[in-house]
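Observations on the model geometry
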Amino acid sequence: MSAKSVKKKETEPETFEQGLEELTAIIEKMESAELPLDDVIDSYEKGVQYLQFCQKKLKAAELKVEELEAKMVEEQIETDDPKEGIDLF
């Protein structure tokens, strides 16, 4: 295992909210323009990791919502009376 992957595991947050909070703090620190160049680069690297983590969490949540919606529609179709809602006369 490389040092980079170990470093990533150490900084990976447990939740989306923690990742977003860390990313926001990094952005604010970088925007303050008070960091030396090396610290800016390190912060940028960490920021990318947090951004990727948050994007991964959002994508997983999006897929879960899509699955739940599809299941809800499927269950609605199965429980609907096929004659209900159809006016033949």
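Just above, that's the structure.
How each quantity is defined
- Residues numbered from 1 in each chain as written.
- Predicted model: local features only at pLDDT ≥ 70, side-chain atom pairs only at ≥ 80, totals over all residues.
- Heavy atoms only, no water.
- Helix = DSSP H or I, 4+ residues; strand = E, 2+ residues; numbered from the N terminus.
- Expected span 1.5 Å × (residues − 1).
- Buried < 20%, exposed > 50% of the residue type's maximum accessible area, 1.4 Å probe, protein only.
- Axes fitted to C-alpha atoms, helices over the stretch in contact; angles between N-to-C directions.
- Parallel < 35°, antiparallel > 145°, perpendicular 65-115°, else oblique.
- Left-handed = near helix turned anticlockwise from the far one by under 90°.
- Contact = heavy atoms within 4.5 Å.
- Nonpolar A, V, L, I, M, F, W, Y, C, P; charged D, E, K, R; others polar.

Once that is clear, we can look at helix H3 (residues 37-79). Between its first and last C-alpha atoms H3 spans 62 Å; for 43 residues at 1.5 Å apiece the expected length is 63 Å, and the two agree. Along H3, the residues classified as buried are Ser43, Gly47, Gln49, Tyr50, Phe53 and Cys54.

So, about the environment of Ile26. Checked against the element boundaries, Ile26 lands in helix H2 (residues 16-31). Under the relative-accessibility criterion, Ile26 is labelled buried at 8%. Along the backbone, Ile26 and Val40 are 14 residues apart, and their C-alpha atoms lie at a distance of 9.2 Å.

Interhelical geometry of H2 versus H3 gives an angle of 150° and a closest axis separation of 9 Å. Our classification of the angle between H2 and H3 gives roughly antiparallel. For the pair H2 and H3, the sense of crossing is left-handed. Mapping the contact onto sequence places Phe16, Gly19, Leu20, Glu22, Leu23, Ile26, Lys29 and Met30 in H2 and Val40, Ser43, Tyr44, Lys46, Gly47, Tyr50, Leu51, Phe53, Cys54, Lys57 and Leu58 in H3. Looking at the contact of H2 with H3 residue by residue, the class counts come to 12 nonpolar, 3 polar and 4 charged.

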